[in-house]
Amino acid sequence: MPSEPAIGRKEDQKHCIQHYIRSPDSQRKLYKRTLLIVVISQIFGGAGLAAGVTVGALLAQEMLGTDSFAGIPAALLTLGSAFAALLVGRLSQRFGRRLGLATGFLSGGIGAIGVVLAAVTQSVPLLFLSLLIYGAGTATNLQARYAGTDLAGSTQRATAVSIAMVSTTFGAVAGPNLVEVMGTFATSIGVPALAGPFILGAAAFTLAGLVFLIFLRPDPLIVAQAIAEAKRAETQHASTDLSRGAGNSRGIIVGASVMVLTQIVMVAIMTMTPVHMKHHGHGLSEVGLVIGIHIGAMYLPSLITGVLVDKIGRIAMAFASGVILLSAGLLAAFAPADSMPMLIAALALLGLGWNFGLISGTALIVDATHPTTRAKTQGTVDVTIALAGASGGALSGMVVASSSYATLSLAGGFLALLLIPVGIWYRSDQKVAKSENMSM
């Protein structure tokens, strides 16, 4: 009688969700528990994310024997993350965050194993295919930030995103600084040194996926959807409320634009920095230090950033992101290539500017979406972000090969200034909406 236990489980799940609908205190407890699970998974996910970022370009350069295509790994990672973001978003919308996020991370682990095998066999096609699959882990690492916002109040959303992101710091900073250690380990077992960090990536992404698969119960998105439906049923003007909450198109466009622009600038400059450093005599340990600090700046300030986004506003922080990214581009362009302190400062500013843009943009997206369509919309937005990053990564190698690292850095810095007119456009719409509400 296999159907009876299944029915029983469904009834238990419905009863559990009904309990959360009726109890605000239980909702708050589930919100905190969900954040804890996200934090644990993000520590592992950050380590997996860092592996490809640190040595992906160097591995491709070594296997292909040219700098012109050194940006291809970043492009493949972000292209793979685009497809994965869509898949994870759709899976999450239909089955909940648990299944969507676990699938994404476990796929990333499989991709990392493929990269190691490609390095051992010197197979470029396998390398490119594996990097595409590995991108699923990168996409899921970003998608996981949304899980913490499902049960957050409107004044907690950016803070919830920031808590998820700051926990990524521990793994993301440790990963690049283990490049040399993992390289030594890899050579001891007959694997090329540059594939060593991907061994770490395989273990890290797999553990992150298992954390979600085992512990993310009850699912926060399913509970949030049930709460939204219950509120809608209790409201006399349900259809009006739902249509108003289902999506603020300008908010979605602006939030996506902020994240797309910051992603292009960050990926382009970050991708070519290890190659730039290697050409000027820096070793793997120095590359690992610079990228480790960069990734730390991407995630570590998040806790403060989230509070600032919630307190002083999404658009103000998007403006700050543009100014900081411009400063990073200028510093990277004019810093002496042999100056570690200047390179560290430039890459730290690059990470900080990305952090401001991602958290403010994410908060705008969450504000503008309704739980019944939120995960699907978030997945679609992250596809756009990933494709933008893929473009930045692919073009970065070509720009440097045809011109210079300084040209790339300057172009990226000035591109970030587009965040200012985007924010002004959004604010103008908000003023119009306020004046219309006051006149009614």
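For every chain, the first residue of its written sequence is number 1, and the numbers climb from 1 along that sequence. Side-chain atom pairs in this predicted model are given and counted only at pLDDT of 80 or more, local residue features only at pLDDT of at least 70, and totals for whole chains, interfaces and linings cover all residues. The basis for every side-chain value is the complete set of non-hydrogen atoms in the structure, without hydrogens or water.

Draft legend 1. Expanded view of the packing of helix 4 (residues 97-121) against helix 8 (residues 196-215). Interaxial angle, 0 to 180 degrees, is taken between N-to-C directions of lines fitted to C-alpha atoms, where a helix line uses only the stretch in contact. Runs of E in the DSSP output that reach at least two residues are strands. Runs of H or I that reach at least four are helices, and both are numbered from the N terminus. Look at helix 4 against helix 8: their axes get within 8 Å of each other, and the N-to-C directions meet at 165°. Compared by their axis directions, helix 4 and helix 8 come out roughly antiparallel. Crossing handedness for the pair helix 4 and helix 8: left-handed. Here helix 4 contributes Arg98, Leu101, Ala102, Phe105, Leu106, Gly108, Gly109, Ala112, Ile113, Val115 and Val116 to the contact with helix 8, which in turn contributes Phe198, Ile199, Gly201, Ala202, Phe205, Thr206, Ala208, Gly209, Leu210, Phe212 and Leu213. Only Asp, Glu, Lys and Arg are considered charged, only Ala, Val, Leu, Ile, Met, Phe, Trp, Tyr, Cys and Pro nonpolar, and every remaining residue, Gly among them, polar. Each residue belonging to the contact of helix 4 with helix 8 can be placed in one class, and the counts come to 16 nonpolar, 5 polar and 1 charged. Put simply, angles under 35 degrees are roughly parallel, angles over 145 are roughly antiparallel, angles from 65 to 115 are roughly perpendicular, and the rest are oblique. For any pair of crossing helices, the crossing counts as left-handed if the nearer helix is rotated counterclockwise from the farther one by less than a right angle, and right-handed if it is rotated clockwise. Any pair of residues with heavy atoms lying within 4.5 Å of one another is described as a contacting pair.

Draft legend 2. The packing of aromatic side chains, seen in detail. Any pair of Phe, Tyr and Trp rings, taking the six-membered ring for Trp, is counted once the centres come within 6.5 Å. Such a pair is stacked with planes under 30 degrees apart, edge-to-face with planes over 60 apart, and tilted for the rest. All chains considered together, the criterion is met by 5 aromatic pairs. Considering the side-chain rings of Tyr134 and Phe205, the 5.3 Å spacing of their centres and the 50° angle between planes classify their relative orientation as tilted. Of this pair, Tyr134 sits in helix 5 (residues 124-147) while Phe205 is found in helix 8, placing the two residues 71 residues apart along the sequence. You can call Tyr134 buried: its relative accessible area is 0%. A ring pair is formed by Tyr299 and Trp354, whose centres lie 5.5 Å apart and whose planes are at 70°; its orientation type is edge-to-face. Of this pair, Tyr299 sits in helix 12 (residues 284-299) while Trp354 sits in helix 15 (residues 340-367), placing them 55 residues apart in sequence. Grouping residues by exposure puts Tyr299 and Trp354 together as buried. Here a set of aromatic residues connected by ring pairs shows up, and it is made of Phe105, Tyr134, Phe198, Phe205 and Phe212. Any residue under 20% of the maximum accessible area for its type is buried, any over 50% is exposed, and the rest in between are partly exposed; the area is computed with a 1.4 Å probe on protein chains only.

Draft legend 3. View of the nonpolar core. In this structure, Tyr299, Leu350 and Trp354 are the most contacted members of the largest nonpolar core, which totals 53 residues. Examining the composition of this core, we find that 13 residues originate from one element, helix 11 (residues 249-279), more than from any other. Ranked by size, the runner-up nonpolar core spans 36 residues in total, among them Leu58, Ala112, Val116 and Ala186. Nonpolar cores were defined as sets of buried Ala, Val, Leu, Ile, Met, Phe, Trp, Tyr and Cys residues, with membership established by side-chain atoms within 4.5 Å.

Draft legend 4. Region of interest: the pattern of salt bridges. Should a side-chain nitrogen of Lys or Arg be within 4 Å of a carboxyl oxygen of Asp or Glu, the pair is scored as a salt bridge. The full count for this structure, using the stated rule, is 7 salt bridges. Between Asp25 and Arg28 there is a salt bridge whose closest N-O contact spans 3.6 Å. Here the residue Asp25 and the residue Arg28 both occupy positions in helix 2 (residues 24-64), the gap between them amounting to 3 residues, near one helical turn. Under the relative-accessibility criterion, Asp25 is labelled partly exposed at 36%. Residues Arg145 and Asp382 are paired through a salt bridge, measuring 3.3 Å at the closest nitrogen-oxygen approach. Of the two residues, Arg145 is situated in helix 5 and Asp382 in helix 16 (residues 374-402); the sequence distance between them amounts to 237 residues. Taken as a pair, Arg145 and Asp382 share a single burial class, namely buried. In the salt-bridge network here, residues are joined through shared partners; they are Arg157, Asp310, Arg314 and Asp367.

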